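Structural overview for review
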Amino acid sequence: MKFFLDGITFSGGECTLQTDFIVDVVEKVKQKSNLTAFIDTNGLINENDLNRLILCVDGFMMDVKAIDDNTHRILTGVSNETVLKNLNLLAKTDLLYEVRYVLVEGYNDSVEQVKYLAELIKNLNDYTRLVLIPFRPLGVKTYFKILPLYNRQKYDIIYNEIYKVLKDRAIKKD
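Residues numbered from 1 in each chain as written. Predicted model: local features only at pLDDT ≥ 70, side-chain atom pairs only at ≥ 80, totals over all residues. Heavy atoms only, no water.

Focus on the sheet that holds strand β2 (residues 36-41)
Our working definition: Paired strands, as defined in this entry, are two strands with at least two bridges between them according to DSSP. Under the DSSP-based scheme used, a helix requires at least four consecutive residues in state H or I and a strand at least two consecutive residues in state E, with every element numbered from the N terminus. Note on geometry: axes are lines fitted to C-alpha atoms, helical ones only across the stretch in contact, with angles between N-to-C directions running from 0 to 180 degrees. When checking whether two residues touch, look at their non-hydrogen atoms; a contact exists if any pair is within 4.5 Å.
Within the open sheet, the 6 strands sit side by side as β1-β2-β3-β4-β5-β6. Their pairing is parallel. Either end of the sheet is taken by a strand with one partner, and the two such strands are β1 (7-10) and β6 (170-172). Strand-to-strand, the axes of this sheet are offset by a mean angle of 20°, without reference to chain direction. Pairing of strand β4 (residues 96-103) with strand β5 (residues 129-134), which is carried by 6 bridges, proceeds in the parallel orientation. Among the inter-strand pairings, V99 is bridged to a residue of β5, identified as L130. Along the sheet face, helix α1 (residues 19-32) touches β1 and β2 and points at about 180° away from the line of β1.

Right under this line is the structure:
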């Protein structure tokens, strides 16, 4: 097995809803191997569970749906207050590997919003990456499924703006 993988990532719907399970599995994995353990989360996790995960995993990847609270509510139905609080908390632990941001045309894709997120990440620490992802409706079940693929030219413009802020910590996804 050691030739094929070097870590595990907990993801899916929202894996942190199963914090007890994750903690149990990670403890067992760490006892029997040198595998790393990462969490892929949307950041909507209570502080107690987040602190428990911080103590046992090697890193976090977080999806931020929108930096603006009203936009976040439109996209997700909830406030981004907890997400941003957890983003700041994780940045102080040296465990926030990357932040992912899916550009949804006409919702969270203003240059100002995305640059604000890039500046926030830049000021949090000197290592967290920002992965910019163009929206694709594949697998989407809400009314967002009717949206077209994200405009490539607009994506490139926004990416170039965040690259100015984050340099090599800005990651482009095709």
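Comments concerning the packing of aromatic side chains
Given two aromatic rings, one states the distance between the centres and the angle between the planes to describe the pair. The condition that has to hold: Aromatic pairs are defined between Phe, Tyr and Trp rings, using the six-membered ring for Trp, whenever the two ring centres lie within 6.5 Å; interplanar angles under 30 degrees are classed as stacked, those over 60 as edge-to-face, and all others as tilted. Relative accessibility decides the category of a residue: with a 1.4 Å probe and only protein chains considered, values under 20% of the type maximum give buried, values over 50% give exposed, and everything between is partly exposed.
Applying the stated criterion across every chain, the model contains 3 aromatic pairs. Note on F38 and Y97: the rings are 5.9 Å apart at their centroids and 85° apart in plane angle, and the pair reads as edge-to-face. Taken together, the positions of F38 in strand β2 and Y97 in strand β4 put the pair 59 residues apart, joining distant regions of the chain. Note on Y97: relative accessible area 36%, which makes it partly exposed. A ring pair is formed by Y107 and F144, whose centres lie 5.2 Å apart and whose planes are at 70°; its orientation type is edge-to-face. Of the two residues, Y107 is situated in the loop between β4 and α5 (111-124) and F144 in the loop between β5 and α6 (152-166); the sequence distance between them amounts to 37 residues. By relative accessible area, Y107 is classed as partly exposed at 27%.

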